[in-house]
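# Tertiary structure, described
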Amino acid sequence: LAKTTQPISMDSYEGQEVNITCSHNNIATNDYITWYQQFPSQGPRFIIQGYKTKVTNEVASLFIPADRKSSTLSLPRVSLSDTAVYYCLVGPWDDKIIFGKGTRLHILP
Amino acid sequence: SQTIHQWPATLVQPVGSPLSLECTVEGTSNPNLYWYRQAAGRGLQLLFYSVGIGQISSEVPQNLSASRPQDRQFILSSKKLLLSDSGFYLCAWIPRAGGNSPLHFGNGTRLTVT
(Lines give C-alpha, C1' and ligand atoms only; values in the text may rest on other atoms or scores of the structure.)
Protein backbone atom coordinates (compact mmCIF):
# COMPACT_ATOMS: atom_id res chain seq x y z
CA LEU A 1 0.00 0.00 0.00
CA ALA A 2 1.66 3.22 -1.17
CA LYS A 3 2.25 5.86 1.48
CA THR A 4 0.15 8.99 1.13
CA THR A 5 0.50 12.52 2.45
CA GLN A 6 -2.43 14.92 2.86
CA PRO A 7 -2.90 18.25 4.62
CA ILE A 8 -4.04 17.75 8.19
CA SER A 9 -6.84 20.30 7.94
CA MET A 10 -8.46 22.82 5.63
CA ASP A 11 -11.06 25.54 6.03
CA SER A 12 -13.33 26.84 3.31
CA TYR A 13 -16.59 28.73 2.91
CA GLU A 14 -19.95 27.60 1.68
CA GLY A 15 -20.36 27.82 -2.06
CA GLN A 16 -16.67 27.58 -2.84
CA GLU A 17 -14.84 24.80 -4.64
CA VAL A 18 -12.51 22.85 -2.40
CA ASN A 19 -9.47 20.98 -3.62
CA ILE A 20 -7.67 18.50 -1.40
CA THR A 21 -4.36 17.19 -2.69
CA CYS A 22 -2.83 13.86 -1.82
CA SER A 23 0.82 13.00 -2.53
CA HIS A 24 1.74 9.40 -3.34
CA ASN A 25 5.24 9.50 -4.76
CA ASN A 26 5.80 5.73 -4.73
CA ILE A 27 2.55 4.79 -6.46
CA ALA A 28 2.86 1.55 -8.42
CA THR A 29 1.73 0.88 -11.97
CA ASN A 30 -1.31 -1.12 -10.94
CA ASP A 31 -2.35 1.18 -8.07
CA TYR A 32 -5.65 3.04 -8.02
CA ILE A 33 -6.39 6.12 -5.92
CA THR A 34 -9.45 5.95 -3.67
CA TRP A 35 -11.02 8.65 -1.53
CA TYR A 36 -13.29 8.21 1.46
CA GLN A 37 -15.39 10.69 3.40
CA GLN A 38 -16.11 10.33 7.10
CA PHE A 39 -18.71 12.29 9.04
CA PRO A 40 -18.59 12.36 12.85
CA SER A 41 -19.85 9.16 14.45
CA GLN A 42 -20.11 7.37 11.13
CA GLY A 43 -17.88 4.97 9.25
CA PRO A 44 -15.99 6.24 6.20
CA ARG A 45 -17.82 5.97 2.93
CA PHE A 46 -16.34 5.59 -0.53
CA ILE A 47 -16.71 8.69 -2.66
CA ILE A 48 -14.50 8.31 -5.71
CA GLN A 49 -11.76 6.22 -7.28
CA GLY A 50 -9.51 6.76 -10.28
CA TYR A 51 -6.42 5.55 -12.10
CA LYS A 52 -5.45 8.45 -14.36
CA THR A 53 -6.64 11.77 -15.79
CA LYS A 54 -10.05 12.75 -14.47
CA VAL A 55 -12.98 10.98 -12.89
CA THR A 56 -16.23 12.68 -12.00
CA ASN A 57 -19.34 11.51 -10.21
CA GLU A 58 -22.29 13.17 -8.52
CA VAL A 59 -20.26 13.92 -5.41
CA ALA A 60 -16.77 14.92 -6.53
CA SER A 61 -14.11 14.99 -9.19
CA LEU A 62 -10.70 13.39 -9.00
CA PHE A 63 -7.81 14.81 -10.98
CA ILE A 64 -4.71 12.70 -11.53
CA PRO A 65 -1.71 14.10 -13.41
CA ALA A 66 0.22 12.07 -15.93
CA ASP A 67 2.96 11.05 -13.47
CA ARG A 68 0.28 9.92 -10.94
CA LYS A 69 2.45 10.99 -8.02
CA SER A 70 -0.36 13.10 -6.64
CA SER A 71 -4.11 13.44 -6.95
CA THR A 72 -6.62 16.15 -6.17
CA LEU A 73 -10.11 15.62 -4.85
CA SER A 74 -12.37 18.46 -5.93
CA LEU A 75 -15.64 19.21 -4.17
CA PRO A 76 -17.75 21.72 -6.11
CA ARG A 77 -19.73 24.39 -4.29
CA VAL A 78 -19.36 22.97 -0.81
CA SER A 79 -21.98 23.30 1.88
CA LEU A 80 -21.82 22.98 5.66
CA SER A 81 -22.71 19.31 5.28
CA ASP A 82 -19.41 18.66 3.50
CA THR A 83 -17.60 19.19 6.80
CA ALA A 84 -15.89 15.84 7.28
CA VAL A 85 -12.58 14.01 7.25
CA TYR A 86 -11.37 12.96 3.80
CA TYR A 87 -8.97 10.05 3.38
CA CYS A 88 -6.83 9.23 0.36
CA LEU A 89 -5.71 5.62 -0.09
CA VAL A 90 -3.66 4.03 -2.83
CA GLY A 91 -4.05 0.36 -3.72
CA PRO A 92 -4.57 -2.46 -4.78
CA TRP A 93 -4.83 -3.57 -1.25
CA ASP A 94 -2.82 -6.11 0.53
CA ASP A 95 -5.08 -7.92 2.92
CA LYS A 96 -4.13 -5.21 5.40
CA ILE A 97 -5.68 -1.77 4.78
CA ILE A 98 -4.33 1.11 6.81
CA PHE A 99 -5.75 4.62 6.78
CA GLY A 100 -3.66 7.73 7.21
CA LYS A 101 -4.78 10.67 9.32
CA GLY A 102 -6.84 12.18 6.52
CA THR A 103 -7.74 15.82 5.94
CA ARG A 104 -10.19 17.47 8.30
CA LEU A 105 -12.27 19.81 6.14
CA HIS A 106 -14.22 22.51 7.94
CA ILE A 107 -16.78 24.47 5.95
CA LEU A 108 -17.65 27.89 7.34
CA PRO A 109 -20.91 29.75 6.72
CA SER B 1 -27.12 -6.12 -2.49
CA GLN B 2 -24.54 -6.39 0.22
CA THR B 3 -25.11 -5.03 3.70
CA ILE B 4 -23.07 -4.96 6.88
CA HIS B 5 -24.55 -4.96 10.35
CA GLN B 6 -22.86 -4.00 13.58
CA TRP B 7 -24.27 -4.06 17.04
CA PRO B 8 -24.79 -2.64 19.51
CA ALA B 9 -24.69 1.00 18.38
CA THR B 10 -23.63 2.25 21.79
CA LEU B 11 -22.27 0.53 24.85
CA VAL B 12 -21.22 1.68 28.30
CA GLN B 13 -19.16 -0.84 30.24
CA PRO B 14 -17.25 -0.69 33.52
CA VAL B 15 -13.52 -1.24 33.65
CA GLY B 16 -12.70 -4.92 33.98
CA SER B 17 -15.89 -6.14 32.37
CA PRO B 18 -15.93 -8.33 29.24
CA LEU B 19 -16.78 -7.14 25.75
CA SER B 20 -18.32 -8.71 22.70
CA LEU B 21 -19.06 -6.74 19.53
CA GLU B 22 -20.54 -8.50 16.55
CA CYS B 23 -20.43 -7.76 12.85
CA THR B 24 -22.18 -9.65 10.07
CA VAL B 25 -22.15 -9.20 6.33
CA GLU B 26 -24.97 -10.19 4.01
CA GLY B 27 -25.09 -10.64 0.26
CA THR B 28 -21.52 -11.73 -0.33
CA SER B 29 -19.29 -14.71 0.30
CA ASN B 30 -15.69 -15.03 1.44
CA PRO B 31 -15.20 -11.37 2.29
CA ASN B 32 -12.13 -9.94 3.93
CA LEU B 33 -13.27 -8.53 7.27
CA TYR B 34 -11.77 -5.73 9.33
CA TRP B 35 -12.05 -4.18 12.80
CA TYR B 36 -10.95 -0.58 13.23
CA ARG B 37 -10.99 1.66 16.29
CA GLN B 38 -11.18 5.42 16.33
CA ALA B 39 -10.41 7.34 19.51
CA ALA B 40 -12.04 10.73 19.91
CA GLY B 41 -10.64 13.16 17.34
CA ARG B 42 -8.17 10.62 16.04
CA GLY B 43 -7.67 8.55 12.92
CA LEU B 44 -8.70 4.99 12.13
CA GLN B 45 -6.55 2.34 13.76
CA LEU B 46 -6.61 -1.12 12.22
CA LEU B 47 -7.04 -3.68 14.99
CA PHE B 48 -7.68 -7.00 13.24
CA TYR B 49 -8.37 -8.37 9.82
CA SER B 50 -9.45 -11.76 8.55
CA VAL B 51 -9.21 -13.40 5.14
CA GLY B 52 -11.18 -16.50 6.09
CA ILE B 53 -12.91 -18.50 8.81
CA GLY B 54 -10.62 -18.89 11.79
CA GLN B 55 -7.90 -16.73 10.20
CA ILE B 56 -7.18 -13.62 12.25
CA SER B 57 -4.32 -11.16 11.87
CA SER B 58 -3.66 -8.76 14.73
CA GLU B 59 -2.16 -5.37 14.08
CA VAL B 60 -1.91 -3.87 17.53
CA PRO B 61 -0.95 -5.67 20.75
CA GLN B 62 -3.69 -5.07 23.26
CA ASN B 63 -6.20 -6.80 25.45
CA LEU B 64 -8.63 -7.26 22.56
CA SER B 65 -9.12 -10.35 20.45
CA ALA B 66 -11.12 -11.19 17.35
CA SER B 67 -12.73 -14.32 16.01
CA ARG B 68 -14.41 -15.36 12.79
CA PRO B 69 -16.57 -18.37 13.57
CA GLN B 70 -18.48 -18.16 10.29
CA ASP B 71 -17.69 -16.82 6.85
CA ARG B 72 -19.64 -13.59 7.28
CA GLN B 73 -19.37 -13.08 11.03
CA PHE B 74 -16.61 -11.19 12.79
CA ILE B 75 -16.50 -10.75 16.56
CA LEU B 76 -14.38 -8.43 18.67
CA SER B 77 -13.88 -9.42 22.29
CA SER B 78 -12.14 -8.55 25.47
CA LYS B 79 -11.97 -10.40 28.76
CA LYS B 80 -11.33 -7.26 30.81
CA LEU B 81 -11.87 -3.79 29.44
CA LEU B 82 -9.51 -0.90 30.13
CA LEU B 83 -10.36 2.79 30.14
CA SER B 84 -8.18 3.14 27.04
CA ASP B 85 -10.48 0.77 25.16
CA SER B 86 -13.07 3.54 24.86
CA GLY B 87 -13.66 4.58 21.29
CA PHE B 88 -15.63 4.13 18.13
CA TYR B 89 -15.35 0.61 16.73
CA LEU B 90 -15.95 0.01 13.06
CA CYS B 91 -16.31 -3.20 11.12
CA ALA B 92 -15.67 -3.24 7.38
CA TRP B 93 -15.46 -5.66 4.46
CA ILE B 94 -14.16 -5.98 0.94
CA PRO B 95 -14.49 -8.83 -1.57
CA ARG B 96 -11.86 -11.55 -1.07
CA ALA B 97 -10.28 -10.78 -4.39
CA GLY B 98 -9.69 -7.29 -3.01
CA GLY B 99 -7.94 -5.52 -5.81
CA ASN B 100 -9.18 -1.98 -5.70
CA SER B 101 -12.62 -2.66 -4.30
CA PRO B 102 -13.54 0.01 -1.75
CA LEU B 103 -14.09 -0.84 1.87
CA HIS B 104 -17.68 -0.92 3.10
CA PHE B 105 -18.13 0.09 6.72
CA GLY B 106 -20.79 -0.64 9.28
CA ASN B 107 -22.40 2.09 11.36
CA GLY B 108 -20.03 1.52 14.23
CA THR B 109 -20.26 0.93 17.97
CA ARG B 110 -19.53 3.75 20.39
CA LEU B 111 -17.91 2.13 23.44
CA THR B 112 -17.44 4.05 26.66
CA VAL B 113 -15.50 2.34 29.41
CA THR B 114 -16.19 3.90 32.82
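Up top is the structure these notes are about.
Residues numbered from 1 in each chain as written. Chains lettered and ligands numbered in written order. Predicted model: local features only at pLDDT ≥ 70, side-chain atom pairs only at ≥ 80, totals over all residues. Heavy atoms only, no water.

## Let's talk about the overall build of chain A
- Regarding its fold elements, chain A presents zero helices and nine strands.
- For chain A, the N- to C-terminal ordering of α and β elements is β-β-β-β-β-β-β-β-β.
- For a compact globule of 109 residues, the expected C-alpha radius of gyration is about 13 Å, and chain A comes in at 13 Å, within 12% of that figure.
- Seen along its three principal axes, the alpha-carbon backbone of chain A occupies a region of about 40 × 30 × 20 Å.
- Relative to its full complement of 109 residues, chain A shows a buried share of 44%.
- Of the contacts made within chain A by residues no fewer than 6 positions apart, 56% connect residues no fewer than 24 positions apart.
- For chain A, the computed accessible surface area is about 5500 Å², with 50% contributed by carbon and sulfur atoms.
- If you average the places of the 10 positive and of the 9 negative side-chain charges in chain A, the two averages end up 4 Å apart. (Helix = DSSP H or I, 4+ residues; strand = E, 2+ residues; numbered from the N terminus. Rg over C-alpha atoms; globule rule 2.2 N^0.38 Å. Buried < 20%, exposed > 50% of the residue type's maximum accessible area, 1.4 Å probe, protein only. Contact = heavy atoms within 4.5 Å. Areas by Shrake-Rupley, 256 points an atom, 1.4 Å probe, with all protein chains shown as cover. Lys, Arg positive; Asp, Glu negative; His and termini not counted. Charge placed at Lys NZ, Arg CZ, Asp CG, Glu CD.)

## Concerning the pairing of strand β8 (residues 84-91) of chain A
Residues and elements named next belong to chain A.
- Of all eight residues in β8, eight are buried; the element is thus mostly enclosed.
- Going residue by residue along β8, you find Ala-84, Tyr-86, Cys-88 and Val-90 tucked away on one face and Val-85, Tyr-87, Leu-89 and Gly-91 tucked away on the opposite face as well.
- For strand β3 (residues 32-38) and β8, the ladder comprises seven bridges, and the chain directions are antiparallel. Within β8, the position partnered with Gln-38 by the bridge is Val-85. (Pairing = 2+ DSSP bridges.)

## Observations regarding the environment of A:Tyr86
All names here are of chain A.
- Checked against the element boundaries, Tyr-86 lands in strand β8.
- Judged by relative accessible area, Tyr-86 falls into the buried class, the value being 0%.
- Put simply, Tyr-86 and Met-10 are 76 residues apart on the chain and 10 Å apart in space, counted from C-alpha to C-alpha.
- Ignoring any residue separated from it by four or fewer positions in sequence, one finds Tyr-86 in contact with Gln-6, Ile-20, Trp-35, Tyr-36, Gln-37, Ile-47, Leu-73, Leu-75, Gly-102, Thr-103 and Leu-105.
- Within polar-contact distance, the side chain of Tyr-86 engages the side chain of Gln-37 at 3.0 Å. (Polar contact = N/O pair within 3.5 Å; in protein donor to acceptor, adjacent residues only side chain to side chain.)

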